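# Results of the structural survey
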Amino acid sequence: MPSELIHKPAPELAAMLEAGQISAVELVRAFIERTRAVDGRVRAFNSFDEADAVAQAQASDARRAAGQERGPLDGIPVGCKDVIAVAGQPLTASSRMLKNFVSPYDATVTSRLKAAGAIPWGRLNLDEFAMGSSTENSAFHPTANPWDLARVPGGSSGGSAAAIAAGEAPLALGSDTGGSIRQPAGLCGIVGLKPTYGLVSRFGLIAFASSLDQIGPMAQTVEGAAMLLSAIAGYDPRDSTSCRTPVPDYRAELAQRRGPWRLGVPKEYFGAGLDAEVGEAVRKAIEFYQAAGCQIVDVSLPLAAEYAIATYYIIATAEASSNLARYDGIRYGHRSQEAADAVDLYFKSRAEGFGPEVKRRIILGTHVLSSGYYDAYYLRAQKVRTLIRREFLQAFESVDALLAPVSPTAAFRQGEKSSDPLAMYLSDIYTISLNLAGLPGISIPCGFTSAGLPVGLQIVGQPFREADLLAIARAYEANHSWSARHPSL
Amino acid sequence: MSQPSDINIDYVANLARLALNPQEKEVFSRQLGDVLKYIEKLREVDVSQVEPTAHAFPVCNVWADDVPQAGLPVSEALRNAPEQRDDMIVVPVVVE
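Residues numbered from 1 in each chain as written. Chains lettered and ligands numbered in written order. Predicted model: local features only at pLDDT ≥ 70, side-chain atom pairs only at ≥ 80, totals over all residues. Heavy atoms only, no water.

### A short note on the packing of helix 5 (residues 108–115) of chain A against helix 8 (residues 222–232) of chain A
Residues and elements named next belong to chain A. For the pair helix 5 and helix 8, interaxial distance at closest approach is 8 Å and the crossing angle is 110°. Considering their axes alone, helix 5 and helix 8 lie roughly perpendicular with respect to each other. When you trace helix 5 past helix 8, the crossing you get is right-handed. Here Val109, Arg112 and Leu113 of helix 5 come into contact with helix 8, specifically with Leu228, Ala231 and Ile232. Looking at the contact of helix 5 with helix 8, its residues break down into five nonpolar, no polar and one charged. (Axes fitted to C-alpha atoms, helices over the stretch in contact; angles between N-to-C directions. Helix = DSSP H or I, 4+ residues; strand = E, 2+ residues; numbered from the N terminus. Parallel < 35°, antiparallel > 145°, perpendicular 65-115°, else oblique. Left-handed = near helix turned anticlockwise from the far one by under 90°. Contact = heavy atoms within 4.5 Å. Nonpolar A, V, L, I, M, F, W, Y, C, P; charged D, E, K, R; others polar.)

Here it is in structure tokens:
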């Protein structure tokens, strides 16, 4: 039975639990068993706490046995990227800096998961402090792509995406600052949604770039992502950037929204650099929407296509250099044993605790904020950000959503880009502008390359219209069976 | 004359309170030089009439009611401290 359970979509598992066909303990044990069997090769997890997961499953079963009120995710394990705080569990950001850190409290998304009855399951690997696109920057170990273990799962939420693809978790949370949910979802053949900035609380998320970071759901199917988004979204007084926007039952809304929609295709996203097989799969998806009665509109996003990456790497590194100043070896985190005095302690603790990509970004961010460069870099980037955002909002005057690739290629080989930071940064070209504009975006599977690697379709939505975004994604998914394929491990 | 893509690695590393070894300085200077050259393309954009964006959806004047709430107990707050004594974090000597 466990092998039948591990690839079932979360909504189906929820229905089986509700009907008493399986117990939460059986379900959790199936995922524990699967993780034990395959994670030595996939390495999606930094750690997992079996006893805690089983205890929570027993509590869920007890609620059901006693006829108590149960949440929509009651008894469902949800993997958590290791930047999201779960009280009493490790919180490492896949960094030596936080190797021994144990979270003293729950992130808001974690307390909401628990209120919905979900079982936070395991600590999922990432690029250190969410800085990277391949999960190779983890200080502990790289994660493999379950479809081809010699390739990367994408990043930075590579552990979350690989865990779902490998059947080690039915749902997971990731975080997305420049594509870190959508790109690994695309490369691993699952569904990943970056919400509108401000829809999901960032309280208890380790900060990378505060004006860009969002937590979002990752799942096998659109419906699963909708369920998980409903559980975590909504205003939180503990995040001052959180918005007071109504949160519908996204899963229930799927059936209410049937289109047809006006869908924009940004021509710049199909130019040089896009792999032929990836482009072909995305174009077929566009043809599907057209055949289904949607109006396909050519749109142009010249500024986003040309300047988003440069803008992003100024703003994101500037914010990161400021956010990561807190890691000083004094109150928590790694403390050097070699320091001569208090100031030397800062220098050496940070040198020993941070890996190369984090150091690179701290240096770049400090440089662009430093005296004499601030106007030329940071202020200018913030102004270009205004123009990029305006460009998207103008496009949305004539369309409901945009269709685009998630990334220029399918999963690349481990080591292929790790010595060339700029090449790695350019792999985020289609995802990064949404974070600058604060827009929601979803990655769904839309095919496979001839080498058997998944290809993702990105759908970009209007601010706070996740219900439409999910419905558009569901319309495609309902007519294709890509998510029924699973890697052989 | 220095190029815009030059980065004074010693100066910036000092600002960032980050000790770098000679090899890191050499590699980061070269790699970040490439990135800065790429970033230079932003100079092509006319931003003379444009306001900066700090947040995509600015939320202004966020107030919290001044209501006392329980915080973390001292033992929890100090749980991750590298060194502690008598409910305090131990640090290197700052004043002789």
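### With respect to the packing of aromatic side chains
For any pair of aromatic rings, the description consists of the separation of the ring centres together with the inter-plane angle of the planes. Evaluated as defined, the whole model comprises 20 aromatic pairs over all chains. Taking 5.5 Å as the distance between ring centres and 80° as the angle between the ring planes, the aromatic pair formed by Phe45 of chain A and Phe48 of chain A counts as edge-to-face. Ring centres of Phe45 of chain A and Trp121 of chain A lie 5.4 Å apart, and the angle between their planes is 55°; this geometry places the pair in the tilted category. Residue Phe45 of chain A is found in strand 1 (residues 45–47), and its partner Trp121 of chain A is found in strand 3 (residues 119–124); the two are separated by 76 residues along the sequence. Accessibility classification places Phe45 of chain A together with Trp121 of chain A in one group, the buried group. Positioned above the aromatic ring of Tyr235 of chain A is the side chain of Arg244 of chain A, whose terminal nitrogen or guanidinium carbon lies 4.0 Å from the ring centre. Above the face of the Phe57 of chain B ring, Arg389 of chain A is positioned so that its terminal group lies 5.0 Å from the ring centre. (Phe/Tyr/Trp six-rings, centres within 6.5 Å; stacked < 30°, edge-to-face > 60°. Buried < 20%, exposed > 50% of the residue type's maximum accessible area, 1.4 Å probe, protein only. Lys NZ or Arg CZ within 6 Å of the ring centre and 35° of its normal.)

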